[in-house]
Amino acid sequence: MFKQCKLINIIISKYLAVNGTTGEGKSLTKEERKEVVEQWIKVSKKRILDVTIILTQLNICSHNYYILESVAKKLIFTRFCFTDALVHHFAEIAKSAPKLPFIYYHLPIMTGVELNMEDFSYRAQKEIPNFGGVKFSSKDLPDMIGVVFSGVNVLFGCDEQFVGGIAMGAHGGVGSLYNFMPKVYHKMLALIKQGSLPEAREEQMKGQRLCRVMYKYGNLQGGNVAALKQIMSYMGVEMGPPRSPMRECTKEEKEKFKNELKAIGFFEWI
Ligand SMILES: CC(=O)N[C@H](C=O)[C@@H](O)[C@H](O)[C@H](O)CO
Ligand SMILES: CC(=O)C(=O)O
């Protein structure tokens, strides 16, 4: 973890989000999640400005882990079909840490919750006093711009579409690719902000090239997170095996995967 923290930090990231999809938060026990958070807070001292805890796929909140964990018992396995239900449910949870911003994690690909986020944002601002914004991991940019104009913070989560997300008003990003190629994304952001779109696209294309190789091995391994962990090991940070039903690469796959990353130039970008 220390190595990972140093790696992320050396390449200029100042914020962390832990126990999310990439961190396999949902495959960990409550004790494991707690340990991960505590360790991250310990190793990231002075290096990282804030650690955001991803409690479930549906919501994010900073720091107030213990309180939130107890409320988490109330989480039910359901697919929210009405904005009302979503707002009421998370109003209860957000109340447990009233001084911290509550960020809704919109990740329809995992949660199946396809509700309109602009509507949700307006409702949430009325009913959740500490509503801070949305981590937006859907490719529905028209919906995203609606959230931006509703006046809350939007952190974009589709790394393969970052240029589009920022162009449509996202304030920043939280993504798995930032674990190993944050330089590319920082550069991309700077280029968009200075209006150099052709150059920004070049950086976005690097993300796309990486994703294509990653998806290929992710499919073999039963999930992208397993492929992400493999990429981290090429950077000298061993993450350990992924949890079932994902699997590690075979020796042969490891070799091929690395060669394909070399072929797209990955090791020159990082
Ligand atoms: C489902 C998932 O894990 N999404 C991540 C964060 O939101 C992204 O960072 C993706 O891993 C990335 O965009 C590649 O598809
Ligand atoms: C990247 C991110 O937000 C996640 O893994 O959940």
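Residues numbered from 1 in each chain as written. Chains lettered and ligands numbered in written order. Predicted model: local features only at pLDDT ≥ 70, side-chain atom pairs only at ≥ 80, totals over all residues. Heavy atoms only, no water.

A. Quick peek at the nonpolar core. With 60 residues, the main nonpolar core has Tyr104, Phe180 and Leu210 as its most contacted residues. A total of seven residues in this core trace back to one element, the largest contributor, which is helix H11 (residues 224-234). Each of domain 1 (1-179) and domain 2 (182-270) contributes no fewer than three residues to this core. Contact partners of Leu210, with chain neighbours within four places excluded, come to Leu177, Phe180, Met181, Ile231, Leu261, Ile264, Phe266 and Trp269. One finds Leu16, Val18, Val37 and Val43 within the second-largest nonpolar core, a separate group that totals five residues. (Core = buried A, V, L, I, M, F, W, Y, C linked by side-chain atoms within 4.5 Å. Buried < 20%, exposed > 50% of the residue type's maximum accessible area, 1.4 Å probe, protein only. Helix = DSSP H or I, 4+ residues; strand = E, 2+ residues; numbered from the N terminus. Domains from an automatic or database assignment. Contact = heavy atoms within 4.5 Å.)

B. Highlighting the side chain of Lys206. Of note, Lys206 is situated in helix H10 (residues 197-221). Not counting the four nearest positions on each side in its chain, Lys206 is found in contact with Met181, Val184 and Trp269.

C. Fine view of the site of ligand 1. Around ligand 1 lies a shell of 13 residues, among which Lys135, Ser137, Glu160, Ser176 and Tyr215 are the nearest. Within the side chain of Glu160, one N or O atom sits 2.6 Å away from an oxygen atom of ligand 1. Here an oxygen atom of ligand 1 and a side-chain polar atom of Tyr215 are 2.8 Å apart. Look at ligand 1: alone it shows 390 Å² of surface, and the protein chains cover 86% of it. When grouped by side-chain class, the residues that make up the shell around ligand 1 number five nonpolar, five polar and three charged. (Near = heavy atom within 4 Å. Polar contact = N/O pair within 3.5 Å; in protein donor to acceptor, adjacent residues only side chain to side chain. Areas by Shrake-Rupley, 256 points an atom, 1.4 Å probe, with all protein chains shown as cover. Nonpolar A, V, L, I, M, F, W, Y, C, P; charged D, E, K, R; others polar.)

D. Summary view of the site of ligand 2. Near ligand 2 lie nine residues; those nearest to it are Thr21, Thr22, Tyr105, Lys135 and Ser176. Contact distances for ligand 2 include 2.8 Å between an oxygen atom and a backbone N or O atom of Thr21. At 2.5 Å, a side-chain N or O of Thr22 approaches an oxygen atom of ligand 2. Coverage of ligand 2 by the protein chains reaches 90% of its 220 Å² of free accessible surface. Taken together, the residues of the shell around ligand 2 sort by class into three nonpolar, five polar and one charged.

E. Quick look at the domain arrangement of the protein. If you check the domain split of the protein, you get domain 1 (1-179) and domain 2 (182-270). Contacts between domain 1 and domain 2 engage 22 residues on the former and 28 residues on the latter. On the domain 1 side of the interface with domain 2, the three residues burying the most area are Glu24, Val163 and Leu177, jointly 27% of the side's total. Where domain 1 meets domain 2, there are two salt bridges. One salt bridge in this structure joins Glu24 and Lys229, with 2.6 Å as the shortest N-O distance. The interface formed by domain 1 and domain 2 contains ten residue pairs in polar contact (both at pLDDT 80 or more). Secondary-structure elements contributing two or more residues to the side of domain 1 that touches domain 2 are helix H1 (2-10) and helix H8 (162-167). Across the side of domain 1 that touches domain 2, the residue classes tally to nine nonpolar, eight polar and five charged. (Buried area = accessible area lost by both parts, 1.4 Å probe. Salt bridge = Lys/Arg side-chain N within 4 Å of Asp/Glu carboxyl O.)

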